[in-house]
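# Analysis of the macromolecular model
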Amino acid sequence: MALAACGSEDGAVLTVRAPDGPSTADRLELVLASADARSITAVDGQRASDTALVEESVRYYRQRATAGTLDAIAQLDGFVVRIAPDTSVSADEAYVPFLVASTRDPDGSYRLTGIGAVLDAAGDPAPVTIADGVRESYFVDVTPLVAPVGTLAAREGLELRCPTPQQSTYRSGLAWRFDRGPQLRLLLPDVVADPAATDARERALDLDCDHHDALVDDCDDLRAAFHDGAAETCDGMDTNCDGDRYAIVDCALPAGVCGPAPSQGLAICDELSAQQTTCAGDPQCQCTSGNPGPCTKCILAFEPTAVVTDQRPCAPAVGKLAIGCTEPCTVEVMPRPGNWGALVAAQLGGTFAPRATGVTDAVFIQAALLSGSVVTAAPAESVGDFVLAITHGDDVRYLGVDLQLSSLGSATCPITNGTSPMLCSP
């Protein structure tokens, strides 16, 4: 496709309407996105901002071709441009055009100041026809844009740039909102992979270039630090995309707490307030004699074997755990690496889940080995641990659960209603 002077030739004639601004443009770029429904993707679960656990649905468009740029547009409102068909660039006849207006700053860089599209009755970008033997006229409504602060609100937009191996950056795409409707995102070609590329239909939805796809494992495709598996710090931002209010974070223990030298401890972070509990040792450390702390032990039975150091714990197992809430609390199992999974219930016979609400003096906990896991140990040794977050209102505290084998085994694992009993204390 190519920009052309207006006349009687074939193509799409676009008349710009920008009564609210921007009034001028130092650079006006026309990007033709694919109109194929398979290239226009609605993605749910994108983070509305980096500091709130609020999600929204956004819509991606992919560049199919480019019609070029124009410089120094003195009057944007009423500006008319024709796009001439060019089958050497693309055989498509339908495109969703986006008109991108930028202002040049004193340092020579360009700043996004407006984006326009042909809008349908619902206010969504609509396709145009660019074909031989066809001349169609359209209005392009341009929305003035400013840089966002936090949440990307109406009439705000930003340009996403990604690093290259040459220590420079390239423009990966754009994100913005019109006066109404969802946040829109335009994915541009990866010019690192192909400097001459004009087609982004095969690109993964990865505007921030963190190698995580928004459709798969990226809750925030506008910020590279946010994706599944990202390290959590207590900064009020859910960087690992789990959507949970509370997270376990690493912290530094003073010397003598869990050893002669300073060592790594654990704390529970409130992602909304960026506040965390006092740093504590892991459950095994807290349960060790001489290191009193927020810990309880749950003792598992085992079936004796000929090798004393190779006993397998009876699991799944259920025990009653004292939590000491005088008013109804919420007890939540915090994700931890290891071979064990845990669920909790407010009462015996209730449904076990990752979270139990309305709990007062005690909670029931179910410990089970994860699929494919095998754990062996000697009697009285630790075989794993859990961390529980106990909350009441905005107050949260840490409770470690150390799983240990009984000092005496039985002939077989005792089973009641499909589980073995375990004794938790205190």
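Check the entry above for the structure.
To start, this report covers the structure provided alongside it. Since we're looking at a predicted model, the values are computed, not measured. (Residues numbered from 1 in each chain as written. Predicted model: local features only at pLDDT ≥ 70, side-chain atom pairs only at ≥ 80, totals over all residues. Heavy atoms only, no water.)

### Re the sheet that holds strand 25 (residues 382–392)
Strand order in the open sheet formed by nine strands is 22-24-20-27-17-26-25-21-23, with mixed pairing between adjacent strands. The open sheet has two free edges, formed respectively by strand 22 (340–345) and strand 23 (355–359), since each of these has just one partner strand. On average, each strand axis in the sheet is tilted by 25° relative to the strand beside it, whichever way the strands run. The sheet contact formed by strand 21 (residues 329–334) and strand 23 spans three bridges and is antiparallel. Counterpart to Val 331 in the pairing with strand 23 is Ala 356. (Pairing = 2+ DSSP bridges. Helix = DSSP H or I, 4+ residues; strand = E, 2+ residues; numbered from the N terminus. Axes fitted to C-alpha atoms, helices over the stretch in contact; angles between N-to-C directions.)

### Overview of the nonpolar core
Among the nonpolar cores identified, the biggest contains 30 residues, and Leu 321, Leu 403 and Met 422 are the most heavily contacted of them. Non-local contacts of Met 422, meaning those with residues more than four positions away in its chain, are made with Cys 298, Ile 299, Leu 300, Ala 317, Val 318, Gly 319, Ile 365, Ala 367 and Leu 403. Core analysis: the next-biggest nonpolar cluster, separate from the first, contains 23 residues, Leu 14, Ala 18, Ala 126 and Val 142 among them. (Core = buried A, V, L, I, M, F, W, Y, C linked by side-chain atoms within 4.5 Å. Buried < 20%, exposed > 50% of the residue type's maximum accessible area, 1.4 Å probe, protein only. Contact = heavy atoms within 4.5 Å.)

### Quick look at the sheet that holds strand 14 (residues 246–253)
Spatially, three strands are ordered 14-15-16 in an open sheet, and the strand pairing comes out antiparallel. Looking at which strands have only one partner, the edges of the open sheet turn out to be strand 14 and strand 16 (275–276). By the bridge criterion, eight bridges tie strand 14 to strand 15 (residues 263–270) in an arrangement that is antiparallel. Paired with Ala 247 across the strands is Cys 269, a residue of strand 15.

### Regarding the pattern of salt bridges
Considering all chains together, one arrives at 19 salt bridges under this definition. Residue Arg 201 is joined to Asp 199 by a salt bridge in which the shortest nitrogen-to-oxygen separation is 2.8 Å. We classify Arg 201 as partly exposed; its relative accessible area is 32%. On the basis of relative accessibility, which here comes to 28%, the residue Asp 199 falls in the partly exposed class. Each of Glu 29, Glu 159, Arg 161 and Arg 171 takes part in salt bridges that share partners, so that together they form one network. (Salt bridge = Lys/Arg side-chain N within 4 Å of Asp/Glu carboxyl O.)

### Topic: the environment of Pro 337
Structurally, Pro 337 is set in the loop between strand 21 and strand 22. What makes Pro 337 exposed here is its relative accessible area of 75%.

### Notes on unusual backbone geometry
Omega for the bond connecting Gly 21 with Pro 22 falls within 30 degrees of zero, at -5°, which places this linkage in the cis form. Positionally, Pro 22 belongs in the loop between strand 2 (11–17) and strand 3 (25–34). Following Ala 315, the chain continues into Pro 316 via a peptide bond in cis, with omega recorded as 5°. Relative to the helices and strands, Pro 316 resides in the loop between strand 19 (312–313) and strand 20 (317–322). Positive phi is not limited to glycine here, since Cys 209 has a value of about 60°. With respect to the element layout, Cys 209 can be found in the loop between strand 13 (183–187) and strand 14. The class for Cys 209 is partly exposed, based on a relative accessible area of 21%. Of note, Asn 417 is a non-glycine position whose phi angle comes to about 55°, a positive value. For Asn 417, a relative accessible area of 80% puts it in the exposed group.

### Focus: the state of the cysteines
In this structure the tally under the stated criterion is seven disulfides. In this model, Cys 162 is linked to Cys 209 through a disulfide, with the two sulfur atoms separated by 2.0 Å. Residues Cys 162 and Cys 209 are joined through a disulfide that is right-handed, its torsion about the S-S bond being 90°. Here Cys 162 is found in strand 11 (residues 157–163), whereas its partner Cys 209 is found in the loop between strand 13 and strand 14, with 47 residues between them in sequence. The class for Cys 162 is buried, based on a relative accessible area of 1%. (Disulfide = S-S within 2.5 Å.)

### Topic: the packing of aromatic side chains
Counted according to the given criterion, the structure contains three aromatic pairs. When the centroid spacing of 5.3 Å and the interplanar angle of 75° are considered together, the rings of Phe 98 and Trp 176 count as edge-to-face. You can see Phe 98 sitting in strand 7 (residues 94–104) and its partner Trp 176 sitting in strand 12 (residues 169–176), a full 78 residues away along the chain. The burial state of Phe 98 is the same as that of Trp 176; both residues are buried. On the basis of relative accessible area, Trp 176 is assigned to the buried category, the value being 0%. Ring pairs connect the aromatic residues Tyr 61, Phe 98, Trp 176 and Phe 178, which therefore count as one cluster. (Phe/Tyr/Trp six-rings, centres within 6.5 Å; stacked < 30°, edge-to-face > 60°.)

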